[in-house]
Amino acid sequence: MSTHIGAAPGQIAPHVLMPGDPYRARWIAETFLEDPVQYNDVRGMLGYTGTYAGVRVSAQGSGMGQPSLAIYAHELFAEYDVETIVRVGTCGGLSDAVKVRDVVLGVAASTDSAMNVPRFGHVSFAPAADFTLARIAAEVAEERLVDLVAGGLFSSDQFYNPDPDIARTLAGYGVLGVEMEAAALYTLAAQHSRRALALCTVSDHLLTGEETSAQERQETFEDMIVVALESIVRLERAQNRQG
Ligand code: HPA
């Protein structure tokens, strides 16, 4: 048991899919994992472990925003020896390089959060994805004809941002989408020398005002989960432990 996760040692797999919404964790477990077992319901932040293609995988909700994600990611890395976390979420499109339903692979995550100030002082640390995992995910998406675009994310502390110009400024620097968690995930993975990746389907577009229907969101989300799970299987095989 850690402070916010009620799992016994060994109940959480080395590889974790992390949606923001805990009900998504349940949906991932029930839809994609064999023999899923729920290991957490503390604060309703559901977590499950099952297998996918013979590889043990967990699905753990993070909640919304970097402080919430950081609690779960820290405990998974520090207390449950988790090796890989793949955030599976949504983002708002910022750039004309992406359209709704695309999957953004977050190569790096800029942030307006002050969370890293106590860690690095005046140095602006660059939270970045694990290259091996990112390369594998890009390959898997290409093979499966999933529209994946790799580039920057903006991990904002504000869903309702009072500064509408910031999105345009960041888009001018190649940032593709805005979400609320990736920068903290990448920072913690770096701190603990683990692998992390954020995959986010574009659910709405801040430039065009385009939105996805609930049905489209669901289908795109499914494609992204398969990319995440197949990437974990490929990583695991590359590490020569199973299969
Ligand atoms: N802002 C922040 N997070 C998001 C958005 C957004 O517009 N869309 C989906 N996740």
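Predicted model only: the values in this text are computed from it and were never measured.

## Focus: the site of the ligand
Line of reasoning, step 1. Every residue near the ligand is listed here: Thr90, Cys91, Gly92, Phe159, Val178, Glu179, Met180, Ser203, Asp204 and Leu206.
Line of reasoning, step 2. Gly92 places a polar main-chain atom, nitrogen or oxygen, 3.2 Å from a nitrogen atom of the ligand.
Line of reasoning, step 3. Within the side chain of Asp204, an N or O atom sits 3.1 Å from a nitrogen atom of the ligand.
Line of reasoning, step 4. If the ligand stood free it would expose 260 Å²; the protein chains cover 88% of that surface.
Line of reasoning, step 5. The leading source of residues in the shell around the ligand is strand β5 (residues 84-93), at 3 residues.
Line of reasoning, step 6. The residue inventory of the shell around the ligand, partitioned by class, reads 5 nonpolar, 3 polar and 2 charged.

## Quick look at the UniProt feature "domain: Nucleoside phosphorylase" (unreviewed entry) in the chain
Line of reasoning, step 1. The sites that UniProt annotates as "domain: Nucleoside phosphorylase" (unreviewed entry) are residues 15-223.
Line of reasoning, step 2. End C-alpha atoms of residues 15-223 are separated by 19 Å, and the span's content is 33% helix alongside 32% strand.

## Topic: unusual backbone geometry
Line of reasoning, step 1. Non-glycine residue Arg43 carries a positive phi angle of around 55°.
Line of reasoning, step 2. Relative to the helices and strands, Arg43 resides in the loop between β2 (34-40) and β3 (47-52).
Line of reasoning, step 3. A relative accessible area of 70% places Arg43 in the exposed class.
Line of reasoning, step 4. In this model, Ala53 sits at a positive phi of 50°, which is unusual for a non-glycine residue.
Line of reasoning, step 5. Its location among the elements puts Ala53 in the loop between β3 and β4 (55-60).
Line of reasoning, step 6. The exposure class of Ala53 is partly exposed, given its relative accessible area of 44%.

Rules behind the numbers
Residues numbered from 1 in each chain as written. Predicted model: local features only at pLDDT ≥ 70, side-chain atom pairs only at ≥ 80, totals over all residues. Heavy atoms only, no water. Near = heavy atom within 4 Å. Polar contact = N/O pair within 3.5 Å; in protein donor to acceptor, adjacent residues only side chain to side chain. Areas by Shrake-Rupley, 256 points an atom, 1.4 Å probe, with all protein chains shown as cover. Helix = DSSP H or I, 4+ residues; strand = E, 2+ residues; numbered from the N terminus. Nonpolar A, V, L, I, M, F, W, Y, C, P; charged D, E, K, R; others polar. UniProt positions renumbered as here; feature names shortened; annotations may be inferred. Buried < 20%, exposed > 50% of the residue type's maximum accessible area, 1.4 Å probe, protein only.

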